[in-house]
Amino acid sequence: MKDKKTVITYGTYDMLHEGHMRLLKRAKALGDYLIVGVTDENYDRSRGKLNVVQSTKKRMKAIESLDFVDKVILETHKNQKVEDIKKYDVDIFAIGDDWAGFFDYLSEYTHVEYLPRTEGISSTQLREKFDLIKMGIVGLGRDTQAFIDAAEFVSNVKVNRIYSPDFLAVKKFTKNSKTVKYGHDNYDEFLDTSISAVYIDTKLTEHYKLIKRAIEAGKHVLCENPLALDKNELKELLMLAKKRKVLLLSALKTAFLPAFNQLLKEINSGVIGEVKEVRATRTSLYKEKDYPDSFMQQGATNILSSYPSLLVNKVLGKSKNLTFFDQGEDGYDVSNLIISKHKDGAIGVSRVATGIKSEGDAVISGTKGYIYIPAPWWLTKKFYIRFEDEHKSQVFNYEFEGRGLRYMIAEFASLIQRGKRKSKMLTPSDMIGINRVLLEYNERKLKEKKSKKAKGSR
Ligand code: C2G
């Protein structure tokens, strides 16, 4: 007979409240030693909990400070419960009865106990004290509906307005939309409404001026990348947002995906050793008709390079030196191979192309092993950590439905509600680093063009 009975329970414990406390005490009363698994934010988001207010660290600290809790662990993936039960030789798995039946499969390993839940209090209720964020959409593109659909999953956001200079298109859109009932063809009038934030998805050349006016009107801005096509313009926008105390965020959805953030955590933990190379490909068969007039003229680098640059930048930090191998037609690049040099001799290899299809995967190579993200790596769901000894290999799988936009919208809204003006997942310096690649490319192209012209006129 064991002299100590071990009980285990799991939860998010967002804004720890009386309901959680009672459950934890009930769980402890079942035995002598209580282990509490606190869910990691990436795992929580992957299981659909998008509105958690407190960070993993804060939530863990709150549980650690309870004197009747004997051990606190982090829960990062679905199969962990079975692993923990074996590892800690657990006698009882306890959980609230809102989960009744759900964890019966664990009775193969331990005794499962569903405990009464406290009625009338919940984290959801506590979160309601935050205001609903009313959002407006700027632009009427191919992906507008996808954004609106994704926003439906984020409970603290309401998308109810749209702006586009095309009066008839706006009218048609609002007539058919269930949620977006107000349409505008005048930007100032649109900004002068009760919306507190905007999502901008227009042609790239319009971004800078649309963002600037929105910030000046005091609105938080989520805009497709690049935010601007010129270095000084980007810096100006970030400074203006800071001055006006509004949030300005690039809509690089990959940056907010649970799997992508888990991947960065794994790399930072040192599992694959020192990272020496990051290689990522992003290609797309854009069709002219899908995009408004001059959009295609922006070229592959402007349209697509932000994605590989995000991975390279997040893993290797700032680039010191950039080399471009581009291929083009009619003055814009169809493809580009971008090599960047980083700290300690590490190298970034980004490949982008429009109108050419290739394998959109990514490999992060380290001194002990490597990480492989299968295509499309920018919709990160699954990744492999591989070593020479294949028995040591690991797979991470964070499935999600849709195009992954909801994680980005949830982070944007949650930052606004918490009064934060920076996202850890995509900081202003990340945005500058990521955009440096395409901005520098544009600068070089412009110089080339000018010197050609000068030669021609001689
Ligand atoms: N709880 C409760 N009464 C409430 C609210 C929550 O008894 N009014 C219990 C839940 O039943 C759960 C625990 O407190 O046992 C933690 O609740 P949450 O933080 O909501 O976490 P949950 O999503 O239930 O996590 O994989 C299972 C999860 O880890 C459980």
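All figures in this text were calculated on a predicted structure; none of them were measured in a lab.

Caption draft 1: Spotlight on the pattern of salt bridges. Summed over the entire model, instances satisfying the criterion amount to 18 salt bridges. Between E443 and K231 there is a salt bridge, with the nearest N and O atoms lying 3.7 Å from each other. A residue pair is termed long-range when its members are at least 10 positions apart, and E443 in helix α15 (residues 428-457) and K231 in helix α10 (residues 231-244) qualify at 212 residues. Salt bridges sharing common partners tie together D44, R47 and R59.

Caption draft 2: Focus on the sheet that holds strand β6 (residues 133-138). In spatial order, the strands read β8-β7-β6-β9-β10-β11; together these 6 strands make up an open sheet with parallel pairing. The sheet terminates laterally at β8 (182-184) and β11 (248-250), the two strands that pair on one side only. Each adjacent strand pair in this sheet contributes to an overall mean axis angle of 25 degrees, direction not counted. Across 3 bridges, strand β7 (residues 157-163) lies against β8 in parallel orientation.

Caption draft 3: Structural view of the environment of K242. Within the secondary structure, K242 is located in helix α10. With 27 residues separating them along the chain, K242 and I215 place their C-alpha atoms 9.7 Å apart.

Caption draft 4: Local environment of the packing of helix α9 (residues 204-216) against α10. Packing of α9 against α10 leaves a shortest axis separation of 10 Å and a crossing angle of 15 degrees. The orientation of α9 with respect to α10, classified from their angle, is roughly parallel. In the crossing of α9 with α10, the sense of the turn from one axis to the other is left-handed. Note on element contacts: α10 touches α9 through E233, E236, L237, L240, A241 and R244, opposite Y208, I211, K212, I215 and E216. Broken down by class, the residue content of the contact of α9 with α10 amounts to 6 nonpolar, no polar and 5 charged.

Caption draft 5: Geometry of the site of the ligand. Taken together, the neighbourhood of the ligand is formed by 21 residues, with K81, D98, W99, T118 and I121 sitting nearest. Measuring from an oxygen atom of the ligand, one finds a backbone N or O atom of Y13 at 2.8 Å. The contact in question runs from an oxygen atom of the ligand to an N or O atom on the side chain of D98, over 2.6 Å. Across the complex, the protein chains shield 95% of the 620 Å² of accessible surface that the ligand would expose by itself. When residues of the shell around the ligand are traced back to their parent elements, those giving at least two are β1 (6-11), α1 (18-29) and β4 (92-96). A per-element tally of the shell around the ligand places α1 first, with 3 residues. Here the residues of the shell around the ligand are counted per class, giving 7 nonpolar, 8 polar and 6 charged.

Caption draft 6: Examining the side chain of D84 more closely. Within the secondary structure layout, D84 lies in helix α4 (residues 80-87). There is no salt bridge for the buried D84, and the closest opposite charge comes from K87, which lies 5.4 Å off by N-O distance. Not counting chain neighbours up to four residues away, the residues in contact with D84 comprise I8, Y10, I73, D89 and V90.

Caption draft 7: Structural view of the sheet that holds strand β2 (residues 33-39). One open sheet accounts for 5 strands, arranged β3-β2-β1-β4-β5; its pairing is parallel. The strands lining the two open edges of the sheet, one partner per strand, are β3 (71-75) and β5 (111-115). Taken over all neighbouring pairs, the strand axes of this sheet differ in orientation by 25 degrees on average, direction set aside. Contacting β1, β2, β4 and β5, α1 runs over the sheet at an angle of about 140 degrees to β2.

Caption draft 8: Fine view of the side chain of E411. Tracing the sequence through the fold places E411 in helix α14 (residues 405-417). Among buried charged residues, E411 stands out as having no salt bridge; its nearest opposite-charge side chain is R418, 4.3 Å away. Not counting the four nearest positions on each side in its chain, E411 is found in contact with F256, R418, S423, K424 and M425.

Caption draft 9: Looking closely at the nonpolar core. In this structure, L311 and I364 are the most contacted members of the largest nonpolar core, which totals 93 residues. Looking at which element gives the most residues to this core, the answer is α14, with 9 residues. In contact with L311, not counting residues within four places along its chain, are F260, L263, V278, A280, A362, I364 and W377. Counting residues in hydrophobic clusters, the runner-up holds 18 residues, among them Y13, M60, I63 and L115.

Caption draft 10: How the structure looks around the packing of aromatic side chains. A full pass over the atoms with the stated rule returns 15 aromatic pairs. An angle of 75 degrees between the planes, with centres 5.0 Å apart, marks the rings of F102 and F103 as edge-to-face. Ring geometry for F147 against Y199: centres 3.8 Å apart, planes inclined by 5 degrees, an arrangement best described as stacked. With F147 in helix α6 (residues 144-151) and Y199 in strand β9 (residues 197-200), this residue pair connects regions lying 52 residues apart in the sequence. Judged by its relative accessible area of 1%, F147 is buried. When its relative accessible area of 3% is taken as the criterion, Y199 is described as buried. An aromatic cluster of three or more residues is present, and its members are Y10, F93, W99, F102, F103 and Y105.

Caption draft 11: Local environment of the pairing of strand β16 (residues 362-366). Bridge count between strand β12 (residues 275-284) and β16: 5 bridges; the pairing is antiparallel. In the strand pairing of β16, A280 is matched with A362. Across 4 bridges, β16 lies against strand β17 (residues 370-373) in antiparallel orientation. Considered in β17, the bridge of V363 is made with Y372.

Caption draft 12: Main features of the domain arrangement of the protein chain. Domain boundaries assigned for the protein chain yield domain 1 (6-125), domain 2 (130-251) and domain 3 (255-401). The C-alpha-based centres of domain 1 and domain 2 are spaced at 39 Å.

Caption draft 13: Examining α10 more closely. Taking 1.5 Å of rise per residue, 14 residues should cover 20 Å, and α10 covers 20 Å from first to last C-alpha, within 8% of that figure. Among the residues making up α10, those that are buried are L234, L237, L238, L240 and A241. Looking straight down α10, one finds that the buried residues subtend no more than 160 degrees of arc, so they occupy a single side. The outward face of α10, more than 90 degrees from its buried face, is lined by the exposed residues N232, M239, K242 and K243. Once α10 finishes, K245 follows within two positions and takes phi at roughly 60 degrees, a positive value.

About the cut-offs
Residues numbered from 1 in each chain as written. Predicted model: local features only at pLDDT ≥ 70, side-chain atom pairs only at ≥ 80, totals over all residues. Heavy atoms only, no water. Salt bridge = Lys/Arg side-chain N within 4 Å of Asp/Glu carboxyl O. Helix = DSSP H or I, 4+ residues; strand = E, 2+ residues; numbered from the N terminus. Pairing = 2+ DSSP bridges. Axes fitted to C-alpha atoms, helices over the stretch in contact; angles between N-to-C directions. Parallel < 35°, antiparallel > 145°, perpendicular 65-115°, else oblique. Left-handed = near helix turned anticlockwise from the far one by under 90°. Contact = heavy atoms within 4.5 Å. Nonpolar A, V, L, I, M, F, W, Y, C, P; charged D, E, K, R; others polar. Near = heavy atom within 4 Å. Polar contact = N/O pair within 3.5 Å; in protein donor to acceptor, adjacent residues only side chain to side chain. Areas by Shrake-Rupley, 256 points an atom, 1.4 Å probe, with all protein chains shown as cover. Buried < 20%, exposed > 50% of the residue type's maximum accessible area, 1.4 Å probe, protein only. Lys, Arg positive; Asp, Glu negative; His and termini not counted. Core = buried A, V, L, I, M, F, W, Y, C linked by side-chain atoms within 4.5 Å. Phe/Tyr/Trp six-rings, centres within 6.5 Å; stacked < 30°, edge-to-face > 60°. Domains from an automatic or database assignment. Expected span 1.5 Å × (residues − 1). Arc of directions from axis to C-beta.

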